[in-house]
Amino acid sequence: MKSQLELIDSSKVPEHVAVIMDGNGRWAKARGLERTRGHVAGVEAVRRVIEAASKAGIGYLTLYAFSTENWNRPKEEVDALLNLIVVALERETPGMIANNVRLGVIGDFARLSPESQASLLRSIESTSACSGVRVNLALSYSSRWELAEAARKMASDAVSGRIEVSDISEDMLSSYLTTAGMPDPDLLIRTGGDERVSNFLLWQIAYSELYFTDKYWPDFDEETFYAAIIDYQSRERRFGKTSEQVAN
Ligand code: IPE
Ligand code: IPE
Ligand code: MG
């Protein structure tokens, strides 16, 4: 069967794709397995989405792996999930380097264990020279945490005279976010059937195209990713203008 990759218009690929990877627990439940088994299967889907993004020529891929709110899950699940993420990253790092994938992590690092922080920093550091797709893992991340953090830093810089209050602009605020220097997501994908944004990149997705699929995250494959890109390419992004203006 022909891959939908061939149907993608390479002149119009989204520069930045963000993904809310949801449905691991339900995937496992449907199979009579522990929720954690769903997270294990979800790691394979992460590998597939990175590969698909590389092939499609995506510049930035931001993956929501663990939210601030997810800290409220049962401790056993939190521990298992975070451990799984850190171990998987360590294991996948040589492969990421071989595939020219650059890793970044966004979120409240300080809440992770010192060992996890050290391990993540090693992976980030060893992929720092890679120039292919840039993968941002959102870990212990929420948009409201990020915005409050930005407000604190800006206020502190204003008090110390590093910035002028009158200079605060949308661009400046963006530069205080964890995604500083990155383009806003053009496309946000959510798997698992729910149509909500769950505190993810609220500022950055102001004009993103949204794509929802019922597929549970562990079932996500390259073709699903390409289908989302093709759907994205069929949309007219007007940014408040009229259709006629956009056409000209
Ligand atoms: C997504 O799957 C992974 C995380 C949120 C950490 P879930 O664990 O939320 O799976 P469901 O939504 O309960 O099926
Ligand atoms: C969103 O999934 C967070 C991640 C995918 C990491 P959740 O499963 O936590 O979302 P809600 O709580 O159902 O909205
Ligand atoms: Mg969920």
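Quick caveat, the model's predicted, so the values are computed rather than measured. (Residues numbered from 1 in each chain as written. Chains lettered and ligands numbered in written order. Predicted model: local features only at pLDDT ≥ 70, side-chain atom pairs only at ≥ 80, totals over all residues. Heavy atoms only, no water.)

A. Region of interest: the sheet that holds strand S5 (residues 187–190). The 6 strands are arranged S3-S4-S2-S1-S5-S6 in an open sheet whose pairing can be described as parallel. At either margin of the open sheet sits one strand with a lone partner, and together these are strand S3 (102–106) and strand S6 (209–212). Each adjacent strand pair in this sheet contributes to an overall mean axis angle of 20°, direction not counted. Bridge count between strand S1 (residues 16–20) and strand S2 (residues 60–67): 5 bridges; the pairing is parallel. Counterpart to valine 19 in the pairing with S2 is leucine 63. In this fold helix H7 (residues 222–233) packs onto S1, S2, S5 and S6, with an angle of close to 140° to the strand it touches most, S5. (Pairing = 2+ DSSP bridges. Helix = DSSP H or I, 4+ residues; strand = E, 2+ residues; numbered from the N terminus. Axes fitted to C-alpha atoms, helices over the stretch in contact; angles between N-to-C directions. Contact = heavy atoms within 4.5 Å.)

B. Spatial organisation of the site of ligand 2. Near ligand 2 the following residues occur: Ile20, Met21, Asp22, Tyr64, Ala65, Phe66, Ser67, Asn70, Arg73, Arg190, Arg196 and Ser198. Side-chain polar atom of arginine 196 to an oxygen atom of ligand 2: 2.7 Å apart, as the coordinates give it. Between serine 198 and ligand 2, the recorded distance is 2.6 Å, taken from a side-chain N or O atom to an oxygen atom. Burial of ligand 2 by the protein amounts to 79% of the accessible area it has alone, namely 390 Å². With respect to the pocket detection grid, ligand 2 is positioned in the largest pocket. Across the shell around ligand 2, the residue classes tally to 5 nonpolar, 3 polar and 4 charged. (Near = heavy atom within 4 Å. Polar contact = N/O pair within 3.5 Å; in protein donor to acceptor, adjacent residues only side chain to side chain. Areas by Shrake-Rupley, 256 points an atom, 1.4 Å probe, with all protein chains shown as cover. 1 Å grid on protein atoms, 1.4 Å probe; cavity = no way out; pocket = protein on both sides within 12 Å on 5 of 7 lines; lining within 4 Å. Sits in = over half its atoms within 2 Å of the grid points. Nonpolar A, V, L, I, M, F, W, Y, C, P; charged D, E, K, R; others polar.)

C. Structural detail: the site of ligand 1. Around ligand 1, the neighbouring residues are Met21, Asp22, Gly23, Asn24, Gly25, Arg26, Arg35, His39, Ala65, Asn70, Arg73 and Leu81. Contact between ligand 1 and asparagine 24: an oxygen atom at 3.1 Å from a main-chain N or O atom of the residue. At 2.8 Å from an oxygen atom of ligand 1 is found a side-chain nitrogen or oxygen belonging to arginine 73. For ligand 1, whose free accessible area comes to 370 Å², the fraction covered by protein is 87%. Here ligand 1 is seated within the largest pocket. Broken down by element, the residue count for the shell around ligand 1 peaks at 3 residues, all from helix H1 (residues 24–30). Here the shell around ligand 1 is built from residues that sort into 3 nonpolar, 5 polar and 4 charged.

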